Amino acid sequence: MKLSVLTLLAAISGVTAFQAVQPHRVGTLAKLTPLRISTGDDMSEQKSLDISKTVYSQTIKSPKDSYLAFAEKGASNAKMGKMKIFHQAVMGGAYVGFGGLLSFCIAGNIGGIAAQNPGIAKMAFASLFPVNLLLILTTGGQLFTGNSATVSAAKYEGLVTWRELWRSWGVSISGNIVGCTLFAIAAWYVGLLTGGTADLLTSTALNKCRSTFGQTLLKAIMCNWMVSLAVFLAGACNDLTGKLVGIWFPISTFVAIGLEHSVANMFIMPAALLLNVPLSIYDVLFKNVIPVVIGNAIAGAFVVAGSYSYQFGKLGKKSLQKFEKWLEAHEATIAARRAIIEAQDATSKAIRAMAVNGNNMPNKDMSKLF
């Protein structure tokens, strides 16, 4: 009986270990099936390139499906007519202006508390600014920063052409400039850029033009890394609450750190110039706008879109094929181990049955069971 108990414990522990490395299987005796692997061709839970035709079983998509939705969003944005892209980009720029103005109005007028505790003003600004991306993503607005990632992902997956990518980037950045500038002029005209709001705007614009080209470029890369992930996470969620959470954390992170967002700066810089900040057009363009646009594009196209295409899409297809072969061999090893466990289990059952029936088996016969 000691032998049978030990054999049974070994069998149970072996099956438990098997289940631990095979999370997609149900039951200890379920048929061995291979894990799902992204090859760049299968659509996992998605059944169509048209994301509207897929009904998801959970409130959040898998990482792979999130990337597919990300690329499809880029294809949808890029394939719009020029005026449609421009219109949504103007609206997107205006929404960035709304978020920026709200943040400057609150953070710039906290008063004495902020003077003693600068982190409070920074936290207030970072907490409020994400409202702009929530408005943009839930209304279909377009930002150059987001398109630099989503349309690049669509290009990696073969969903758009080079011409559509460059058109998307060019038209969206033009629309963002128009939307942000018009909103800045409107805010200045109605007298909203006064008091603490104006003071914070002025100091922010001056600080944005004090770094070197390399420093500004790197801050722009880190910024759009977070912004692109906010778009990624919002697309991964299937309900408004999830989208809000997915947007809020990455956006508030880059704002609180003090990174560089090209579209946000398209509101800040015109507003500051309207307030007669001692900056020239040359300062604005070459000390901020140009390096920030380049850095944002690098982050969107390579750091986010490129890396996740390698992980889930066509850029990493060769690596995934190698992984498939390795997994196939691994599955065969697991199957062999499982066969041993089942044989041991059968042996222990036979021993228990003989003990219950009161049969005595000679030693030479017992040896045949092992």
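Residues numbered from 1 in each chain as written. Predicted model: local features only at pLDDT ≥ 70, side-chain atom pairs only at ≥ 80, totals over all residues. Heavy atoms only, no water.

**Digging into the overall build of the chain**
So the rule is basically this: Only runs of H or I of at least four residues qualify as helices and only runs of E of at least two qualify as strands under DSSP, and these elements are numbered from the N terminus. Three exposure classes are used, based on accessible area relative to the maximum for each residue type with a 1.4 Å probe and protein chains only: buried under 20%, partly exposed in between, and exposed over 50%. Only heavy atoms enter the contact rule, under which two residues are in contact if any of them lie within 4.5 Å. Values of accessible area rely on a 1.4 Å probe in the Shrake-Rupley scheme; residue burial ignores everything except the protein chains shown.
In terms of helices and strands, the chain carries 15 helices and 0 strands. Relative to its 370 residues, the chain shows a buried fraction of 44%. Restricting the contact set of the chain to residue pairs at least 6 apart, pairs at least 24 apart contribute 78%. Here the chain has roughly 19,000 Å² of accessible surface; of this, 67% comes from carbon and sulfur atoms.

**Things to note about the side chain of Asn-176**
Counting through the fold element by element, Asn-176 comes out in helix H8 (residues 162-189). If sequence neighbours within four positions are ignored, Asn-176 has contacts with Ala-89, Val-90, Gly-93, Gln-142, Leu-143, Phe-144, Val-263 and Met-266.

**Description of the packing of aromatic side chains**
Aromatic ring pairs are reported here in terms of the distance separating the ring centres and the angle at which the planes meet. We count it as follows: Here a pair means two rings of Phe, Tyr or Trp (six-membered ring of Trp) with centres within 6.5 Å. Their orientation is stacked below 30 degrees between planes, edge-to-face above 60, and tilted elsewhere.
Considering all chains together, one arrives at 13 aromatic pairs under this definition. The interplanar angle of 85° and the centroid separation of 4.9 Å between the aromatic rings of Phe-104 and Phe-125 together place this pair among those described as edge-to-face. With a gap of 21 residues between them, Phe-104 in helix H3 (residues 82-107) and Phe-125 in helix H5 (residues 118-128) connect regions that are remote in the sequence. The class for Phe-125 is buried, based on a relative accessible area of 14%. Between Trp-166 and Trp-169, the ring centres sit 5.5 Å apart and the planes meet at 80°, which makes this aromatic pair edge-to-face. In this pair, Trp-166 and Trp-169 both sit in helix H8, 3 residues apart, roughly one turn of the helix. A connected cluster of aromatic rings, assembled from ring pairs, spans Phe-70, Phe-232, Tyr-308 and Phe-312.

**Digging into the environment of Ser-203**
Worth spelling out the cut-off: By the criterion applied in these results, polar contacts are pairs of N or O atoms within 3.5 Å in which, for protein atoms, one can donate a hydrogen and the other can accept it, and in which residues neighboring in sequence qualify only through two side-chain atoms.
By the secondary structure assignment, Ser-203 is in helix H9 (residues 195-208). The partly exposed category is assigned to Ser-203, whose relative accessible area is 30%. C-alpha separation for the pair Ser-203 and Val-277, spaced 74 residues apart in sequence, amounts to 8.9 Å. Separated by 3.1 Å, the side chain of Ser-203 and the backbone oxygen of Leu-200 make a polar contact.

**A few points about the environment of Lys-61**
Along the chain, Lys-61 falls in the loop between helix H1 (2-21) and helix H2 (63-78). Overall, the relative accessible area of 9% leaves Lys-61 in the buried class. Along the chain, Lys-61 and Cys-237 lie 176 residues apart, while their C-alpha atoms are 6.4 Å from each other. There is a polar contact of 2.6 Å between the side chain of Lys-61 and the backbone oxygen of Gly-235.

**Let's talk about the environment of Leu-134**
Within the element layout of this structure, Leu-134 appears in helix H6 (residues 131-139). Separated by 39 residues in the primary sequence, Leu-134 and Tyr-95 place their C-alpha atoms 9.2 Å from one another. Other than its neighbours up to four places away in sequence, Leu-134 contacts Leu-240, Leu-244 and Ile-247.

**Here's the deal with the confidence of the model for the chain**
Applied cut-off: Every residue gets a pLDDT, meaning the predictor's confidence in that residue, from 0 to 100.
Across the chain, the average pLDDT comes to 83, with 79% of residues at or above 70. Here residues 1-43 is modelled with pLDDT under 50, and outside its nearest four sequence neighbours on either side it reaches 65 contacts, counting other chains as well.

**Points about the UniProt feature "transmembrane region" (unreviewed entry) in the chain**
What counts here: UniProt positions are given in the numbering used here, feature names are shortened, and annotations may be inferred rather than shown by experiment.
Those residues carrying the UniProt feature "transmembrane region" (unreviewed entry) are residues 89-111, 123-144, 173-195, 216-234, 240-259 and 288-310 in this numbering. What you have in residues 288-310 is 100% helix and 0% strand, and the ends, taken at the C-alpha atoms, are 31 Å apart.

**As for the packing of helix H7 (residues 144-156) against H8**
Worth spelling out the cut-off: With axes taken as lines fitted to C-alpha atoms, and helix axes fitted only over the stretch in contact, angles between N-to-C directions fall between 0 and 180 degrees. Here the angle decides the label: under 35 degrees means roughly parallel, over 145 means roughly antiparallel, 65 to 115 means roughly perpendicular, and every other value means oblique. Residue type decides the class: Asp, Glu, Lys and Arg count as charged, Ala, Val, Leu, Ile, Met, Phe, Trp, Tyr, Cys and Pro as nonpolar, and the leftover types, Gly among them, as polar.
At a minimum axis distance of 9 Å, the contact between H7 and H8 shows a crossing angle of 170°. Relative to H8, the element H7 lies roughly antiparallel. Every residue of H8 that contacts H7 at Phe-144, Asn-147, Ser-148, Val-151, Ser-152 and Lys-155 is listed here: Trp-162, Leu-165, Ser-168, Trp-169, Ser-172, Ile-173 and Asn-176. Classifying every residue of the contact of H7 with H8 gives 6 nonpolar, 6 polar and 1 charged.

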